[in-house]
Amino acid sequence: AASYVEELLRRVGVSVDPHELALVTEVLRNSIGLNPRALKRHANTLLLLLKVAKHTPSLGSAITKDRRPLVMLALTAMEAKYPEMHRYMARCLDADPTSEDVRAMVQGGQLPDPARVPWVSQYQEAADGDRDAAVDPRLATFLAAFRKLIDVNQDGLVDDTELGLLR
């Protein structure tokens, strides 16, 4: 699967090192899955986003910085598999670029209180609304790989600059 992911990324003009490839593959495994057709469709989506970004002055330079294309790939995978979480993160970051809710989700896999944010309960193992219920294992693995992917300086923490990659 990793070699196929690498080939698809190469076709859309994104190069990855072995560490990044492992993270991207883990993100895809725990979101859209590793079905070749789904991977190809997702690569085509990334290609389209990169072309649009290249011709949008405010985004043109952002797509080449750090791991932005890989983050775009991960965000679109999140949107496909975890749409409520994706929408919530986008709203939070629009309101506050340093959102602590988003930081907690990405940094430690901690979802917001389901009493305050109802969609959360569908991503917890216990559906009784328990604030401390465990996050679904696939989502936890997705978030762990996602965090490592955006952790550009590899210090294990999500700083404001890295959080900015999600906008």
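Basis of the calculations
- Residues numbered from 1 in each chain as written.
- Predicted model: local features only at pLDDT ≥ 70, side-chain atom pairs only at ≥ 80, totals over all residues.
- Heavy atoms only, no water.
- 1 Å grid on protein atoms, 1.4 Å probe; cavity = no way out; pocket = protein on both sides within 12 Å on 5 of 7 lines; lining within 4 Å.
- Points joined across faces, edges and corners; volume = space filled by probe spheres on them.
- Helix = DSSP H or I, 4+ residues; strand = E, 2+ residues; numbered from the N terminus.
- Contact = heavy atoms within 4.5 Å.
- Expected span 1.5 Å × (residues − 1).
- Axes fitted to C-alpha atoms, helices over the stretch in contact; angles between N-to-C directions.
- Parallel < 35°, antiparallel > 145°, perpendicular 65-115°, else oblique.
- Left-handed = near helix turned anticlockwise from the far one by under 90°.
- Nonpolar A, V, L, I, M, F, W, Y, C, P; charged D, E, K, R; others polar.
- Phe/Tyr/Trp six-rings, centres within 6.5 Å; stacked < 30°, edge-to-face > 60°.
- Buried < 20%, exposed > 50% of the residue type's maximum accessible area, 1.4 Å probe, protein only.
- Salt bridge = Lys/Arg side-chain N within 4 Å of Asp/Glu carboxyl O.

**Here's the deal with empty space enclosed by the protein**
A full pass over the atoms with the stated rule returns 1 cavity of 30 Å³ or more. A volume near 60 Å³ is recorded for the largest cavity. Those elements that provide at least two residues to the lining of the largest cavity are α1 (2-11) and α3 (36-54).

**Focus: the environment of K81**
Structurally, the position occupied by K81 is in helix α5 (residues 68-81). It is 9.7 Å that separates the C-alpha atoms of K81 and L28, two residues lying 53 residues apart in sequence. The residues touching K81, leaving out its near neighbours within four places in the chain, are N30, S31 and Y123.

**Thoughts on helix α6 (residues 83-95)**
Taking 1.5 Å per residue, 13 residues should reach 18 Å; α6 reaches 18 Å between its end C-alpha atoms and fits that length. Where the residues of α6 are buried, they touch α5, α7 (100-108), α8 (137-150) and α9 (160-164).

**Focus: the packing of α1 against α3**
Geometry of a packed helix pair, given as the angle between the helix axes and the separation of the axes. Look at α1 against α3: their axes get within 10 Å of each other, and the N-to-C directions meet at 25 degrees. As judged from the angle between their axes, α1 and α3 are roughly parallel. The crossing of α1 and α3 is right-handed. Contacts from Y4, V5, L8, L9 and R11 in α1 reach P36, L39, K40, A43 and L46 in α3. Of the residues belonging to the contact of α1 with α3, the class tally is 8 nonpolar, no polar and 2 charged.

**Structural notes on the packing of aromatic side chains**
Under the defined criterion, the tally for this structure stands at 5 aromatic pairs. Taken together, a centroid distance of 5.4 Å and an interplanar angle of 80 degrees make the contact between Y82 and Y123 edge-to-face. Here Y123 lies in the loop between α7 and α8 and Y82 lies in the loop between α5 and α6, a separation of 41 residues in the sequence. As far as the burial class goes, Y82 and Y123 line up, both buried. Judged by centre distance (5.3 Å) and plane angle (55 degrees), the rings of Y82 and F142 are tilted. With Y82 in the loop between α5 and α6 and F142 in helix α8, this pair connects stretches of sequence that are 60 residues apart. Take Y82 and F142: they sit in the same class, and that class is buried. An aromatic cluster is built from Y82, Y88, W119, Y123, F142 and F146, whose rings are joined through pairwise contacts.

**Here's the deal with the environment of M89**
Locating M89 in the fold gives a position in helix α6. Along the chain, M89 and V102 lie 13 residues apart, while their C-alpha atoms are 5.9 Å from each other. Excluding residues within four positions of it along the chain, M89 makes contact with M78, V102, M105, V106, F146 and L166.

**A look at the pattern of salt bridges**
This structure, assessed with the given rule, holds 6 salt bridges. Of the charged contacts, one joins R11 and E7 as a salt bridge, the two residues approaching to 3.2 Å between their closest N and O atoms. Of this pair, R11 and E7 both sit in helix α1, separated by 4 residues, roughly a single helical turn. Since its relative accessible area comes to 27%, E7 is described here as partly exposed. With its nearest N and O atoms 2.9 Å apart, the salt bridge here joins D101 to R116. Residue D101 is located in helix α7, and its partner R116 is located in the loop between α7 and α8; the two are separated by 15 residues in the primary sequence.

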